[in-house]
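Residue-level structure breakdown
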Amino acid sequence: MTEQELLSAATEAVVAANEEKACEVAREAVSLGLDPLRVINEGFTPGMREVGDLFERGTMFLPEVILASEAMVAAVAILEESLPADQREKTAGSVVLGTIEGDVHDIGKGIVATLLRVYGFEVHDLGRDVPLTSFVEKVAETGADLVGTSALMTTTMVGQKALEKMLKEAGLRDQVKTMVGGAVVTQYWADKIGADAYAENAQEAVAKALELAQG
Amino acid sequence: MPIAHSVVSGMGGMRTAGDLVARMQFTQKMRISEAKAYVANKLKVSAQDLSDVAVMREVREELGFGVVLGIPGDPKGMEAKARIAEVLDIRINCVERLKRRGRA
Amino acid sequence: MSTYKVRAGDGRFISMTADEIRRDLIEGSEDAADRGGIPPLEENEIDRLLDLFLDQAGVVGVQIGNQVVSTQDGGDHRINADAGSCGLALAIGRIQELHLHERAFGQDTIELGHIDYSYKAVRPIVAQEQSYVEHALLTTTSPLMYGAMPNLGLYYAPDGPYANPSDLLPAGKVKEALAAQEEASLHAQRDIVYVGTRLADSGLDAMNLDTSGSAGDADFLASLNAAEELKAKRPDLGIEMGMASEFVLGMHGRLSYKGERLAGMYPHDQVRMAEAAGVDVFGPVVNTNTRRSTPWNVARAVCFVKACVQAANIPIHANVGMGVGGIPVLDTPSLDAVSRASVAMVEIARVDGL
């Protein structure tokens, strides 16, 4: 197998959510002495990007995305063994996530949590119907880079505005970025309450989180 | 919101023949043109008349289908629905239930 | 260059030139065509939409004779609570609200529904709901529907007996998440059929399985199986199936109905499944993008719904409410935006009702 063929095989293994094949490709890359970072960045990562696109278009589904992500994680672990410790993959950032108190809708938030994990974030998912104080406490405890809140009702979206104030009062607002989403939330609302980002869907939430985490 | 749609695009409910056309959709799976044609034929009016409050007020009064501003004695509620079932030749569940009870 | 006022997807006025509006109409239509694998709108249809948006009247309407059946969902809480749990609009009783819809607003059907609007919540109080149905039927003339959601979310922890896929999937517990959804789907089907048969026995005209698929493909499957079972048990009960979103979310991904995978289906395929289940009226949904203009959103929604109408053999009642069918995401949407979406659905998508 040429290097190019191996990179393509890595991409295909992730898209097919085939962990066994992904690990086999990773082991072959190591045995051929290829640059592990190149295999990750040009082989496995494009596969995950394609998985994200397919999910966004509704032709690949959540369980398959998770299996694809597990295939990638297993393969990357094999490749990382041959890397010096300082070059090993770090987390993309740390996120505190939850649905605002009074709101029991957690499907969209769950998808965002899943995709953020797939893209390498450390996710502290507080669940649904989460008291605003719990968000503040978790941000203080973990030193998270981001806090994401979901609201699907006009009666709970006001909690996102209150959280901005509470984070300021706790002296945490300067060290954490805020993201808002949910069926009734818009960019206009995000701007109005002073949130750092708004996402229309889960895929956009990941893109915005990556953008914010990279500063 | 549904009120806005009723005004902009709706047939007019029991002010006209909207409720009758809706019944054909829900009992016979008729598309809009077919449902309008069926009801118009039974009522002996044109399909366009079905959304015309001036025509349908009179037709409904004559057939005893119930109108929004009925005078005392006009058929209302269940009585009106029994007449609708008969003229449109369809089964209306609550009317069938009443008939069963009446026979019991 | 002259500009025209149109709404953004979040409900605010924006100004656009005629060329910009036309560009957005074409892009919206092409986005639907690309995602759904369906034809884009024809040139003359784009022209008609452009006319609608260049017309700066506050309210527009369909041509005389083009009117269609107008139904509502959300139960009898449109007036006293507007959009479900989003605030008290007017404190009136349930039967009064039905009379208002029938006699004052000219709706072609009327709908009862519990404030929680979920079949799971209705099951333990179905006797109360039967009483309301029986009372309502005595004094109303229009077809009476009963609406609620399959709402599979209520069957998962902490509200229900099954582990929550929203917790299991992020934790990588895929097999457990799939099993939980399969069990929850069967449970929801039982609840819908239980409620439906009892309401039918009280004389109800039709059931509305609203926001089907809201919790993904297992939710949609529960609706389809329940519709099929209800039609077998109570053939005279009409069934409307309204969807929750434009494509079926693959929270499970492998569920099928009549041999076809449900996840990822767009409206023109969803309606085939609904027909196979015996559904009488189907309500497609197309989501609004708050970042795009109403011309973009309306053209996109009309393109999807037109394909659904053409694929269907049963009446199509498009969902045209807050955040769907080209309507902005605002719980009090403006009449100028609502009326344009309404006309576009009737005169271009050729729906059988709204």
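The rules behind the values
- Residues numbered from 1 in each chain as written.
- Chains lettered and ligands numbered in written order.
- Predicted model: local features only at pLDDT ≥ 70, side-chain atom pairs only at ≥ 80, totals over all residues.
- Heavy atoms only, no water.
- Domains from an automatic or database assignment.
- Contact = heavy atoms within 4.5 Å.
- Buried area = accessible area lost by both parts, 1.4 Å probe.
- Salt bridge = Lys/Arg side-chain N within 4 Å of Asp/Glu carboxyl O.
- pLDDT = per-residue confidence, 0-100.
- Helix = DSSP H or I, 4+ residues; strand = E, 2+ residues; numbered from the N terminus.
- Disulfide = S-S within 2.5 Å.
- Buried < 20%, exposed > 50% of the residue type's maximum accessible area, 1.4 Å probe, protein only.

**Regarding the domain arrangement of chain A**
All names here are of chain A. For chain A, the assigned domains read domain 1 (3-87) and domain 2 (93-213). For domain 1 and domain 2, the distance between their C-alpha centres works out to 29 Å. The interface of domain 1 with domain 2 comprises ten residues on the first partner and seven residues on the second. For the pairing of domain 1 and domain 2, the buried interface totals around 660 Å² over both sides, and the portion due to carbon and sulfur atoms is 78%.

**Focus on the interface of chain A and chain C**
Counting residues at the interface gives 31 residues for chain A, matched by 36 residues for chain C. Contact between chain A and chain C buries roughly 2,700 Å² in total, counting both sides, with carbon and sulfur atoms accounting for 54%. Among the residues of chain A in contact with chain C, Arg57, Phe61 and Ile107 of chain A are the three that bury the most area, contributing 22% of the side total. Viewed at the interface, chain C and chain A are joined by four salt bridges. With its nearest N and O atoms 3.2 Å apart, the salt bridge here joins Glu56 of chain A to Arg35 of chain C.

**Focus: the confidence of the model for chain A**
If pLDDT is low for a region, its predicted coordinates should not be looked at in detail. Of the residues in chain A, 99% reach a pLDDT of 70 or more, and the chain-wide mean stands at 89. Looking at the elements of chain A, mean pLDDT is at its lowest for helix H5 (residues 107-118) of chain A, recorded as 83, and at its highest for helix H6 (residues 132-142) of chain A, recorded as 96.

**As for the state of the cysteines**
Residue and element names in this part refer to chain C. Scanning all chains against the criterion turns up zero disulfides over all chains. With no disulfide partner, Cys308 has as its closest neighbouring cysteine sulfur the one in Cys303, 12 Å distant. Overall, Cys308 belongs to the buried group, its relative accessible area being 0%.

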